Amino acid sequence: LEAILAAAGKNVAQLFANLPNICSIEKVNQEKLTGDGKGEISQERKYRYLVVVPDQRWGPGINEYRANLKGRLTTQPELDENYMLTEAFVSTPLVFYPDYQQGSTFRLLGTQDVKGRKNYVIVYAQLPGKSPISGTFAYGATIRSVYKQGIAWIDAENYQVLRMITDLLDILPELRLEKETTDITFDQVNFKQSTQGFWLPKEVTVNLDWNGRLLRNEHSYSDFLLSNVESKQTIARPKG
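Keep in mind it's a predicted model, so treat the numbers as computed, not measured. (Residues numbered from 1 in each chain as written. Predicted model: local features only at pLDDT ≥ 70, side-chain atom pairs only at ≥ 80, totals over all residues. Heavy atoms only, no water.)

Things to note about the overall build of the chain
Keep this limit in mind: The helix count covers DSSP runs of H or I at least four residues long, the strand count covers runs of E at least two residues long, and both are numbered beginning at the N terminus. Values of the radius of gyration come from C-alpha atoms, whereas the globule rule sets the reference at 2.2 Å times the count of residues to the power 0.38. A 1.4 Å probe rolled over the protein chains alone gives each residue an accessible area, and that area as a share of the maximum for its type sets the label: buried under 20%, exposed over 50%, partly exposed in between. For the accessible areas, the method is Shrake-Rupley and the probe is 1.4 Å, while residue cover comes only from the protein chains on display. In this tally, Asp and Glu contribute negative charge and Lys and Arg positive charge; neither His nor the terminal groups of the chain are included. To locate a charge, take atom NZ for lysine, CZ for arginine, CG for aspartate or CD for glutamate.
Each helix and strand in the chain was counted, giving one helix and 12 strands. Put simply, the chain runs from its N terminus to its C terminus through helices and strands in the order α-β-β-β-β-β-β-β-β-β-β-β-β. By the compact-globule yardstick of 18 Å for 240 residues, the chain fits well, its C-alpha radius of gyration being 19 Å. Reported as C-alpha extents along the three principal axes, the dimensions of the chain are approximately 60 × 45 × 35 Å. By the burial criterion, 41% of the 240 residues in the chain qualify as buried. Split by element, the accessible area of the chain, about 14,000 Å² in all, is 45% carbon and sulfur. If you average the places of the 28 positive and of the 28 negative side-chain charges in the chain, the two averages end up 5 Å apart.

Things to note about the sheet that holds strand 2 (residues 39-52)
Note the threshold: Any two strands are treated as partners once DSSP identifies two or more bridges connecting them. Only the contacting stretch of a helix is used when fitting its axis, a line to C-alpha atoms as for every element, and angles between N-to-C directions run 0 to 180 degrees.
Within the open sheet, the 10 strands sit side by side as 3-2-1-12-11-10-9-8-5-4. Their pairing is antiparallel. Whereas interior strands pair on both sides, the edge strands pair on one side only; in this sheet they are strand 3 (63-67) and strand 4 (104-114). Along the sheet, successive strands turn relative to each other by an average axial angle of 20°, direction set aside. Here strand 8 (residues 148-155) runs beside strand 9 (residues 161-168); their pairing, made up of seven bridges, is antiparallel.

A closer look at the pattern of salt bridges
How we decide: Salt bridges are identified by distance alone: a Lys or Arg side-chain nitrogen within 4 Å of an Asp or Glu carboxyl oxygen.
Under the criterion given, the structure shown has eight salt bridges. Taking the shortest distance from any N to any O, the salt bridge between Glu26 and Arg66 comes out at 2.7 Å. Separated by 40 residues along the polypeptide, Glu26 in strand 1 (residues 22-33) and Arg66 in strand 3 bring together distant segments of the chain. Taking the shortest distance from any N to any O, the salt bridge between Glu157 and Arg117 comes out at 3.5 Å. Taken together, the residues span a long stretch of sequence, with Glu157 in the loop between strand 8 and strand 9 and Arg117 in strand 5 (residues 117-126) at a distance of 40 residues. A relative accessible area of 66% places Glu157 in the exposed class. Look at Arg117 and you get partly exposed, because its relative accessible area is 34%. Within the structure, one salt-bridge network assembled from shared partners comprises Glu26, Arg66 and Glu87.

Remarks on the side chain of Ser104
Put simply, the rule reads: Residue contacts follow a heavy-atom distance rule, with two residues in contact if any of their heavy atoms lie within 4.5 Å.
Its place among the elements puts Ser104 in strand 4. When its relative accessible area of 8% is taken as the criterion, Ser104 is described as buried. Contacts of Ser104, omitting those with residues within four sequence positions, involve Val95, Ala125, Gln126 and Leu127.

Remarks on the nonpolar core
Rules: Residues grouped as a nonpolar core are buried Ala, Val, Leu, Ile, Met, Phe, Trp, Tyr and Cys residues, joined through side-chain atoms within 4.5 Å.
Of all hydrophobic cores here, the largest spans 48 residues; its most connected members are Leu19, Phe96, Phe137 and Met164. Listed by contribution, the elements that provide at least two residues to this core are helix 1 (2-18), strand 2, strand 5, strand 8, strand 9, strand 10 (177-189), strand 11 (198-210) and strand 12 (213-226). For this core, the leading source of residues is strand 11, giving seven residues. The contact partners of Phe96, leaving out residues within four places of it in the chain, are Leu5, Gly9, Val12, Gln101, Phe106, Ala152, Ile154, Val161 and Met164.

Points about unusual backbone geometry
Of note, Lys115 is a non-glycine position whose phi angle comes to about 55°, a positive value. Its place among the elements puts Lys115 in the loop between strand 4 and strand 5. By relative accessible area, Lys115 is classed as exposed at 85%. Positive phi outside glycine occurs at Asp223, with the angle close to 55°. Mapped onto the elements, Asp223 comes out in strand 12.

With respect to the environment of Phe191
Of note, Phe191 is situated in the loop between strand 10 and strand 11. On the accessibility criterion, Phe191 (7% relative accessible area) is buried. Placed 33 residues apart in sequence, Phe191 and Phe224 show a C-alpha to C-alpha distance of 8.2 Å. The contact partners of Phe191, leaving out residues within four places of it in the chain, are Ile22, Phe198, Phe224, Leu225 and Leu226.

Here we look at the confidence of the model for the chain
This is how the line gets drawn: Values of pLDDT, ranging from 0 to 100, describe the predictor's confidence in every residue of the model.
Across the chain, pLDDT averages 88, with 90% of residues at or above 70. Low pLDDT (under 50) marks residues 231-236, which in the prediction has zero contacts with non-local residues, meaning those over four places away or in another chain.

Written out as structure tokens, the structure is:
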């Protein structure tokens, strides 16, 4: 296990050390499900998904944004009774980042052949109060940190993280969040301007049990390009 974590951690560290600004096309299919898991209503949207490396940063963190197809940043929609938009999947493998591994427990379950390739299967759980990274969930003015547990498939030859399934470490009853299961498949993305391949999310499925409602989001990513991203805020004069 120690050797696997060291090799996978090295790959994750290289990814976030060399990751350029990237944009891709993101298709999102959102569904509200019935109690037996069948689709009740749905909507499909398309975005430009942006991965932006901060000019100044203290660690491997990145910023993830959505823009419309014309390149204008979009705001995160408010939660409503039918849909919830999920995000920030590129950062999921950071749990294997070398300096962050001490914030989780890991266990090697064994190996599994996936599409003819041997994979190591590892389960993990973050340690609240010790893990330096966490997600967030916001409902109205209430914001809570979210810690995860999950399972990862790591290629036995190149030690790349190929798939991760994550779940909540604890439910958030004060935010009415009972379940958030995320299934991410990673694939190698290559650019003509770089000799390095980058392992990024290709397909993501998120199932949520929030506020007594069952929701499912399916994200797919394609048409990856290197991006020159500029963002600007304009502060208007107060009215009156």
